[in-house]
Amino acid sequence: MRWWANLSAGVKALAGKQRSERDLDEELDGFVAASVEQKMRAGMPESAARRQAALEMGSRNAVKHHVWSSRWESVAESVAQDLRLGVRALVKSPGYTAVALLSLALGIGANTAIFTLVSEVLLRPLPVRDPQQLVTFGDGRSSGIAGGIDLGQFGGYFPWDFTRQLEANPGPFQGIAAYGSFADKAMVRLEGQGGESAHAAAWFAPVSLVSGNFFQVMGAQPFLGRAILPSDDGEPGTGAVVVVSHHFWRQSLSADGQIVGKSLSINGTPFEVIGVMPEGFAGMKQGLEPADLWAPVSMQAKVSLFLSLLTPHSGLYFLNAFGRLSAQAVGDKAEFLKAQNWLNAQVHNGIRDREGTAPSAARQREIGRETVTLVPAGQGVSEIRSQYGESLQILMVIVALVLLIACANLANFLLARAATRHRETATRLALGSSRLRIVRQNLLESLLLAVTGGVLGLGVAVLATRALITFVGQGAAYVAISPLPDGRVLGFTFGISLLTGVLFGLAPAIRMARHDAGGTLNANTRTAQSAGGKWSNMWPKALVAAQVVVCLLLLVVAGLFLRTFRNLADQDYGFERTHLLLVRTSARLAGYTTPQLPALHQELIDRLSAVPGVRSVAMAQMPPISGGSWSSQIALSGYTAAPKENMVSILNRVSAQYFETAGIAIVSGRAINKEDRLGGLKVAVVNQALARHYFPHGDAVGKMLTIDMDSVKGPWQIVGVARDTKPGSARETDPARMTYIPLAQIDPYVPVAAGKETSAGKREENQDAYANIVLLRTMGDPAETIGALRSALAAIDPNLPVLDVTPIKEQVSNQISHEELISTLTAIFAGLALLLAAIGLYGVMSYNVARRTNEIGIRLALGAQGTAVVGMILRESLLLLLIGTCVGLPLSLLAATLVKAQMFGVRPVDPLTFATALAVVAGTTLVASWIPARRAARVDPVSALRCE
């Protein structure tokens, strides 16, 4: 513990410097007195003894300084002195200091904001035990219900019975669990003491279906109560228990500490609350609006209000699966491969079991090639990561370049200060200061600027991150991304601040310490060259040229992204995008059965058509552009499909006036109308892509079409061909094949196959008879009709929920949101970089003019014209621009090639973008140089000749 005593004594000495001085004086006085006494005993007179003792000790101050210098606290004191000097020096130059701090705050703040999103979206592990052991079976990104596919296709869909087999026999895994690929919103009410919930406040919250061992395999412990257990997930229809998220518990249940044991009504069915998960837990799927409740898969029919999907060999795939690897398989490739091969074997056996008949040899080989890849899932399955991950990585590089420009400004600032402090440094060196002390003091000034800029940057980052989360959230009420910096973000900011201060402050500090004291003190310093040497301005100018390179690169990339976004936004989507409003509701949540739907749909259309300002109303299963799809294999009369030919068509069930309301033109035949009702000839409308592919001679109208789904099998007669639209991705270049069928002609009950009749007289409702989207074509601004629209819906049925109201322009914007994000931010950061570079160039040229005041005065005194002086200064700037352009154009071309995959409708070598970027950089360079040049031309020769 000697070090602790030394540390304590040093801290006390620093805290009580005067007392330490007194103690040292007392020790020296005691030493002198003892020496005098000793000499007097030897026979020396007192006066001579005192004089001799003083001579032996030497200078009292020198001794005290030597003693103090031998202790560690002297270093701390000298560092504190250097810090005080640094603060004073920065305060004396408020203009330069403010520019440097602003540059660093913006650069570090931009980096911290983007890194916060990167940390939340790309780096944050799941808050569970040993998340690195978790793997998903397939990427698990897709969601919905699929049929007619093999196990594991479309991102890892699995049927209920297959996941049950894996749960019971996990093989080399520690455990295997499943969860619903989608978490639909359900109507949730808190039941009262008597179980009454009809009059309680209702919430619409996403509910995720999970297997009984879901929380066990994930390694997640509840905050309150217990998690769902395998015993809760028993026979279909049993296990009415629910676990709620911390967010739902806090926001909707008022953080009720006694909630465990109470009941929640989910879509009218009471569920017992058995647990509350800790804050930050959102399950395996990390969405913009993560699940708020988790219920057993066995309650699927009650939670989703959909037909039961829990039937062996049903052919319906709706679950994602994941597993926990053994500890050995995490780092051992052989063990990991063993787990992969085991899963593939289970998939092959599962496909063979579903074949119905013995597979042929060719089919056996085909099955043997099927694989379901194990994907690391320590960070969960994130739709935000898949949508924005690549964009965030690009933005991280861009903001790093912005920070480089800010750092170049810092370096130029410090180099300029070093040049103006030649005499100060020379004087300190002449008086005995060490060069190491000079380096340390200047490095501390740099670190002061960098750390202060980092602190200011944190404030900028919090504000910027909030804005980014709002943008990414697309209007969601709650997004599970925190804008506040965590330990990782704080460490990143602190590290990047220190790195900035050291890397860009060390060279100016060393340069200042290397000055020749004698030469500087003797110099007359009449010109810039004699003040710092021929190459004194080389590094500042090199840094400015580098800023030109970075600005040109960023402007080119920003221009390409902006053109991409504009091309996506302005392209022809195939429907009219003005005055169209989308309303998402749910008759299923309101308790309507399929026989009641035709009357409800008609009443909705009639009532909403009477709303002032509404031109037409229609209903559909999905809007003209949605990002999702309902699809199936089809067969067409007069067309023979080739073996393995893709016969999939996207389907949409629509009401009369759909094409008129959506603004989709009918190019041949007719549209679906009010006469197309149940009991009449079943009709369909196909789009141009489908008609061209299967009927290239233009004879699609009149052909018969059947759909490989019992609920809407048909046959349907094609009565019209509609214009192609982009129902899914805005980046689609090949139009999707689409089939529209009349909502009114869908049977309210699913046909019952022979031998599969249910209990006496009971038929199964056709879930494909529901349509949740109401389209309204308005005469003016759609937003003006929203209030009257909600009132009309409430008048029809107060229980009919309005899940959201979205103008079609916003719907389209949501489809290209990540392109909008990256183009907007890249443009902002490019503009910021250009501003910082302009400030840097202005500072360098102003400093050069100030240093050359004497030279300029001589030129003017000898008869030089002001225009000649302006031209001399501008030539330097144009030379820097030329150098930066020669280096920046090839780098910009390389960068454009690297981000080629992000572009749409624009080539990497786009002349307009490159020319615009070059013109902007050139114009900014000239403007930033013109002001110092004009100032130089107005120098008074008499005053300049007196300038030292």
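Residues numbered from 1 in each chain as written. Predicted model: local features only at pLDDT ≥ 70, side-chain atom pairs only at ≥ 80, totals over all residues. Heavy atoms only, no water.

**Concerning the environment of G239**
Quick note on the threshold: For helices the rule is a DSSP run of H or I covering at least 4 residues; for strands it is a run of E covering at least 2, with both sets numbered from the N terminus onward. Residue contacts follow a heavy-atom distance rule, with two residues in contact if any of their heavy atoms lie within 4.5 Å.
Among the structural elements, G239 can be located in the loop between β6 (224–225) and β7 (241–244). Residues G239 and G212, spaced 27 residues apart in sequence, show a C-alpha to C-alpha distance of 9.6 Å. Not counting chain neighbours up to four residues away, the residues in contact with G239 comprise D232, P296, S298 and M299.

**So, the side chain of E167**
Cut-off, in case you're wondering: The classification of residues rests on relative accessible area computed with a 1.4 Å probe and restricted to protein chains. Under 20% of the type maximum is buried, over 50% is exposed, and intermediate values are partly exposed. Residues scored as charged are limited to Lys and Arg (positive) and Asp and Glu (negative), so that His and the chain ends carry no count. Basic side-chain nitrogens of Lys or Arg form a salt bridge, by our definition, when they fall within 4 Å of a carboxyl oxygen of Asp or Glu.
Tracing the backbone through its elements, the reader meets E167 in helix α8 (residues 160–168). Within the buried set, E167 has no salt-bridge partner at all; the shortest N-O distance to an opposite charge, 4.3 Å, is to R164. Excluding its chain neighbours within four sequence positions, the residues that come into contact with E167 are I176, A177, A178, S211 and N213.

**Things to note about the nonpolar core**
Quick note on the threshold: The nonpolar core is taken to be a set of buried Ala, Val, Leu, Ile, Met, Phe, Trp, Tyr and Cys residues, with the residues joined through side-chain atoms within 4.5 Å.
Ranked by size, the top nonpolar core spans 60 residues in total, and within it I114, L554, F829 and V921 carry the most contacts. Elements with a minimum of two residues in this core: α6 (94–123), α15 (383–420), α17 (435–473), α21 (538–570), α27 (817–851), α29 (866–898) and α30 (911–937). Dropping the residues within four chain positions of it, I114 is found in contact with L392, L395, M396, V399, L468, L825 and F829. In this structure, V686, I718, V721 and Y770 belong to the second largest nonpolar core, which totals 46 residues.

**A word on the confidence of the model for the protein**
Note the threshold: The predictor reports its confidence for every residue as pLDDT, a score running from 0 up to 100.
In this model, the protein carries an average pLDDT of 83, and 84% of its residues clear a pLDDT of 70 or more. Note that residues 523–535 has pLDDT below 50 and, in this model, 20 contacts with residues that lie over four places away or in other chains.

**Overview of a nonpolar patch on the surface**
Threshold: Like charges are joined within 9 Å and nonpolar side chains (Val, Leu, Ile, Met, Phe, Trp, Tyr) within 5 Å, but only among residues with over 30% relative accessible area and no salt bridge; these make up the patches. Surface accessibility in these figures is a Shrake-Rupley result with a 1.4 Å probe; residues are shielded only by whichever protein chains are displayed.
Judged by side-chain polarity, L879, L882, I883, V887, L891, L894 and L898 come together as a nonpolar surface patch covering roughly 660 Å² of accessible area. Here L891 is to be found in helix α29. On the accessibility criterion, L891 (36% relative accessible area) is partly exposed.

**Comments concerning the packing of helix α13 (residues 333–353) against helix α14 (residues 361–368)**
Rule in force here: Axis lines are fitted to C-alpha atoms, over the contacting stretch for helices. Their N-to-C directions set the angle, which ranges from 0 to 180 degrees. Working rule for handedness: look at the near helix, and if it is turned counterclockwise from the far one by less than a right angle, call the crossing left-handed; if clockwise, right-handed. When residues are grouped by polarity, Ala, Val, Leu, Ile, Met, Phe, Trp, Tyr, Cys and Pro land in nonpolar, Asp, Glu, Lys and Arg in charged, and all others, Gly among them, in polar.
Taken N-terminus to C-terminus, the directions of α13 and α14 make an angle of 145 degrees; their axes are 9 Å apart at the nearest point. Crossing of α13 over α14 shows right-handed handedness. Here H348, I351 and R352 of α13 come into contact with α14, specifically with R363, Q364, I367 and G368. Its residues placed into classes, the contact of α13 with α14 shows two nonpolar, three polar and two charged.

**Remarks on the pattern of salt bridges**
Applying the stated rule across the entire model yields 18 salt bridges. Linking R563 and D910 is a salt bridge whose minimum nitrogen-to-oxygen distance equals 2.6 Å. Remark: D910 occurs in the loop between α29 and α30 and R563 occurs in helix α21; sequence separation between them is 347 residues. Residue D910 is classed as buried on the basis of its relative accessible area, which comes to 10%. Taking the shortest distance from any N to any O, the salt bridge between R653 and D768 comes out at 3.8 Å. Residue R653 is found in strand β19 (residues 648–654), and its partner D768 is found in the loop between β24 (738–742) and β25 (773–778); the two are separated by 115 residues along the sequence. Residues R653 and D768 agree in their burial class; the two are buried.

**Overview of the packing of aromatic side chains**
Here is the rule: The rule is short: rings of Phe, Tyr and Trp, with Trp giving its six-membered ring, pair when the centres are within 6.5 Å, and they are stacked under 30 degrees, edge-to-face over 60, tilted in between. Geometrically, a charge over a ring is one whose NZ (Lys) or CZ (Arg) sits within 6 Å of the ring centre while staying within 35 degrees of the ring normal.
One pass over the structure, following the stated rule, counts 18 aromatic pairs. Taking 5.7 Å as the distance between ring centres and 15 degrees as the angle between the ring planes, the aromatic pair formed by F158 and F162 counts as stacked. For the pair shown, F158 and F162 are each scored as buried. Aromatic side chains Y573 and F575 sit 6.2 Å apart centroid to centroid with 55 degrees between the ring planes, which places their arrangement in the tilted category. The exposure class of Y573 is buried, given its relative accessible area of 1%. Taking relative accessible area as the criterion, F575 reaches 6% and is therefore assigned buried. Feature note: the residues Y179, F214, F215, F281, W294 and F322 constitute an aromatic cluster, connected by ring pairs. The cationic tip of R588 hangs over the ring face of Y770; the distance from NZ or CZ to the ring centre is 4.3 Å. In this structure, R653 is placed above the aromatic ring of W630, and the distance from its NZ or CZ to the ring centre is 4.5 Å.

**Side note on the side chain of Q133**
Put simply, the rule reads: Two N or O atoms count as a polar contact when they lie within 3.5 Å, although within protein this holds only if one can serve as hydrogen donor and the other as acceptor, and sequence-adjacent residues are included solely when both atoms are side-chain atoms.
As for its placement among the helices and strands, Q133 is situated in the loop between α6 and β1 (134–137). For Q133, a relative accessible area of 6% corresponds to the buried category. Polar contacts involving the side chain of Q133 include one to the side chain of Q174, which spans 3.0 Å. Dropping the residues within four chain positions of it, Q133 is found in contact with Q174, G323, R324, L325, A327 and V330.

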